[in-house]
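# Descriptive structure summary
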Amino acid sequence: MPRNDLDAAWMPFTANRSFKAAPRLLSRADGMLYWTPEGREVLDATAGLWCVNAGHNRRQITEAITRTATSLDFAPTFQMGHPLMFEAASRIAGVTPPGLDRIFFTNSGSESADTALKIALAYHRANGQPQRTMLIGRERGYHGINFGGLSVGGIGANRKQFGPLLGNVDHLPHTHLPSNRFARFQPEHGVELADALTGLVQLHGADSIAAVIVEPVAGSTGVLVPPVGYLEKLRALCDEHGILLIFDEVITGFGRLGTPFAAERFGVTPDLLTMAKGLTNAAVPMGAVAASEAIYRTVVENAPPGIELFHGYTYSGHPLACAAAIATLDIHRDEELPARARAIEPEWREAVHSLRDRPGVVDIRDAGLIAGIELEPFAGRPAERAARIMQHCFDNGLLIRTTADTIALSPPLILERTHIDRIVTTLGEAISAATA
Ligand code: PMP
């Protein structure tokens, strides 16, 4: 590729200078695999960016997109509509947890987070409590990069370039405890961390807090799985104090934890649930927020005549995305993808935990078809060990992700035993090869 082609693009979340000196490029994909422009095969252990849950280039999805593109390229959804949007919404409502049946379309996870926060604020205002404006996130939380999600998010590096962000925000502590090292699925210790919400209620006053937003399993900050009882406790405290609970299911949605949404796996239902990624199998961008009936009714029925929620995107409910979502949900239903993920989860867990004795591995965490392998950084050089492992894997035909010094794995849900073996063998060799 000519050098000037690489130069024009300012790449997201990328060390542009070093990347452009040695670019890693993918130009084709199918099933569990990518290929580089030179034709080298790369096994996808990350489902793209935690999003291609049904595997790559599914014909049913690409054909639905093509069909729609040639019949309805675009239709506005402000004061107008098109049939695919209503069909997609009702299909999504068919897989969201019971009671979360009102679907608002966005185009990404970040937009879904900001939309959910705004709906929470609008709800309290419509409910006669306009003073409830405080938003509570969590340390090490990731809710995208728009101002709302960034403000409730808890990743210092993502925030510090951009000034004070939203005021009136506070954070719960994260749930990563050293005593839980090498836990399998939900760790035992840490339910009491949810009590920090009581502390924030005492500090700020219960009637000032609008919502708490958490990822059921925090993905981007290194796979943090909620301790046993933790989400239940958050739910109970929110109920007690009239605070809305928002689950950011952008990663955990669409079968990744062996159930359509993590809410079901953990037996805890939020008031608002955000989704994106797996919703269209990532073939075209789309996100959505599922809201409870009570929230929808309060906002819509208490509003004066006319528009009830002053919010929306030009591409909310885009026809191509709706077609992709419907086709994706067909695949999830027909191939029983959540159940398939659940069935292979024990083998996956054993395989990833078999890496615990490799050099530099200090913790391994897993939830559904997600795993995080935390490494001791080389002295004084954070993230370098993980970056070297990632490059070694890529050179040897395996795509993994790293977040600081944690390796994150989230393969497509169509994963089979042979893929698990390949992932663990290549990754194990890469970990062993990475010495200071
Ligand atoms: N929320 C969570 C939990 C995520 O993991 C992500 C993306 N990794 C987002 C929000 C943001 O999604 P997007 O990049 O589509 O804006």
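Here the structure is a predicted model, which means the values were calculated and not measured. (Residues numbered from 1 in each chain as written. Predicted model: local features only at pLDDT ≥ 70, side-chain atom pairs only at ≥ 80, totals over all residues.)

The extent of an interface is frequently quoted as the accessible surface area lost upon association of the parts. Assigned domains of the protein chain: these are domain 1 (3-54 + 336-433) and domain 2 (63-334). Taking only C-alpha atoms, the centre of domain 1 and the centre of domain 2 are 26 Å apart. Tallying the contact residues gives 31 residues for domain 1 and 27 residues for domain 2. For the side of domain 1 that touches domain 2, the secondary-structure elements that each account for two or more residues are helix H3 (47-50), helix H14 (337-353), strand E11 (361-367), strand E12 (370-375) and strand E15 (406-409). Residue contributions to the side of domain 1 that touches domain 2 peak at seven residues, all from H14. Here the side of domain 1 that touches domain 2 is built from residues that sort into 15 nonpolar, eight polar and eight charged. (Domains from an automatic or database assignment. Contact = placed C-beta atoms within 7 Å. Helix = DSSP H or I, 4+ residues; strand = E, 2+ residues; numbered from the N terminus. Nonpolar A, V, L, I, M, F, W, Y, C, P; charged D, E, K, R; others polar.)

The ligand sits among 14 residues. The nearest are Ser108, Gly109, Ser110, Gly144 and Val250. Counting residues per element, the shell around the ligand draws most heavily on helix H6 (residues 109-126), which supplies three residues. The residue makeup of the shell around the ligand, split by class, is five nonpolar, seven polar and two charged. (Near = placed C-beta within 6 Å.)

A positive phi is found at Arg140, a non-glycine position, where the angle reads about 65 degrees. By secondary structure assignment, the location of Arg140 is in the loop between strand E5 (134-138) and helix H7 (147-152). You can call Arg140 buried: it has 20 C-beta atoms within 10 Å. Positive phi, close to 45 degrees, is recorded for Glu336, a residue that is not glycine. By secondary structure assignment, the location of Glu336 is in the loop between helix H13 (319-334) and H14. On the basis of neighbour count, Glu336 is assigned to the partly exposed category, with 14 C-beta atoms found within 10 Å. (Buried ≥ 20, exposed ≤ 12 C-beta atoms within 10 Å, placed from the backbone.)

Counting buried residues in strand E10 (residues 287-291) gives five out of five residues, a clear majority hidden from the surface. One ladder, built from four bridges, connects strand E9 (residues 272-275) with E10; its direction is antiparallel. Following the sheet pairing, Met275 is matched in E10 by Ala288. (Pairing = 2+ DSSP bridges.)

With that settled, the discussion passes to the sheet that holds E9. Sheets are built from strands that pair by backbone hydrogen bonding, the pairs being arranged parallel or antiparallel. In space, the seven strands of this open sheet follow the order E4-E10-E9-E8-E7-E5-E6, with mixed pairing throughout. Every other strand in the sheet has two partners, leaving strand E4 (102-106) and strand E6 (169-172) as the edge strands with one partner each. Across this sheet, the average inter-strand angle for adjacent strands is 20 degrees, counted without regard to direction. The sheet strands contacting H6 are E4, E5, strand E7 (209-214), strand E8 (244-248), E9 and E10, and the helix crosses E10 at an angle near 30 degrees. (Axes fitted to C-alpha atoms, helices over the stretch in contact; angles between N-to-C directions.)

Our focus in this paragraph is helix H15 (residues 384-395). Relative to the 16 Å expected for 12 residues at 1.5 Å per residue, H15 spans 16 Å between its end C-alpha atoms, a close match to the ideal helical length. All buried positions along H15 are accounted for by Arg385, Ala386, Ile389, Met390 and Cys393. Projected down its long axis, H15 shows its buried positions confined to an angular sector of 135 degrees, all on one face. Of the residues trailing H15, Gly397 is marked for its positive phi of about 85 degrees. (Expected span 1.5 Å × (residues − 1). Arc of directions from axis to C-beta.)

The next point concerns the packing of H15 against helix H16 (residues 417-433). Helix-helix packing is described using two parameters, namely the angle between the two axes and the distance between the axes. Two elements in contact, H15 and H16, have axes whose closest approach is 9 Å; the angle formed by their N-to-C orientations is 135 degrees. Classified by the angle between their axes, H15 and H16 sit oblique to one another. Our pair here, H15 against H16, has a crossing hand that is right-handed. Where H15 abuts H16, its residues Ile389, His392 and Cys393 lie against Thr426, Leu427, Ala430, Ile431 and Ala433. In the contact of H15 with H16, the residues fall into six nonpolar, two polar and no charged. (Parallel < 35°, antiparallel > 145°, perpendicular 65-115°, else oblique. Left-handed = near helix turned anticlockwise from the far one by under 90°.)

Let us now look at the nonpolar core. The biggest cluster of nonpolar side chains holds 125 residues, and the ones touching the most others in it are Ala211, Val212 and Ala324. In terms of residues, this core owes the most to one element, H13, which gives nine residues. Taken domain by domain, this core gets at least three of its residues from each of domain 1 (3-54 + 336-433) and domain 2 (63-334). Excluding anything up to four places from it in sequence, Val212 contacts Ile136, Leu197, Leu234, Cys238, Ile243, Leu245 and Ile246. (Core = buried A, V, L, I, M, F, W, Y, C linked by C-beta atoms within 7 Å.)

Attention shifts here to helix H4 (residues 59-69). Those residues of H4 not exposed but buried are Ile61, Ala64 and Thr68. Viewed end-on, H4 has its buried residues packed into an arc of 65 degrees, placing them on one side of the element. Exposed and facing more than 90 degrees away from the buried side of H4 are Arg59 and Glu63.

With that settled, consider the pairing of strand E3 (residues 41-44). In the sheet, strand E2 (residues 33-35) pairs with E3 via three bridges, with the strands oriented antiparallel. Each residue of the ladder has a partner; that of Trp35, found in E3, is Glu41. In sequence, E2 turns back onto E3 through a hairpin of five residues, with Gly39 there showing a positive phi of about 90 degrees. Two elements, E3 and strand E13 (residues 398-399), share two bridges in a ladder whose sense is parallel. Note that in E13 the partner of Asp44 across the bridge is Leu399.

Below, the discussion takes up the confidence of the model for the protein chain. Averaged over all residues, the pLDDT of the protein chain is 97; the fraction at 70 or higher stands at 99%. Across the interface, the model reports ipTM at 0.99; the global pTM reads 0.98. (pLDDT = per-residue confidence, 0-100.)

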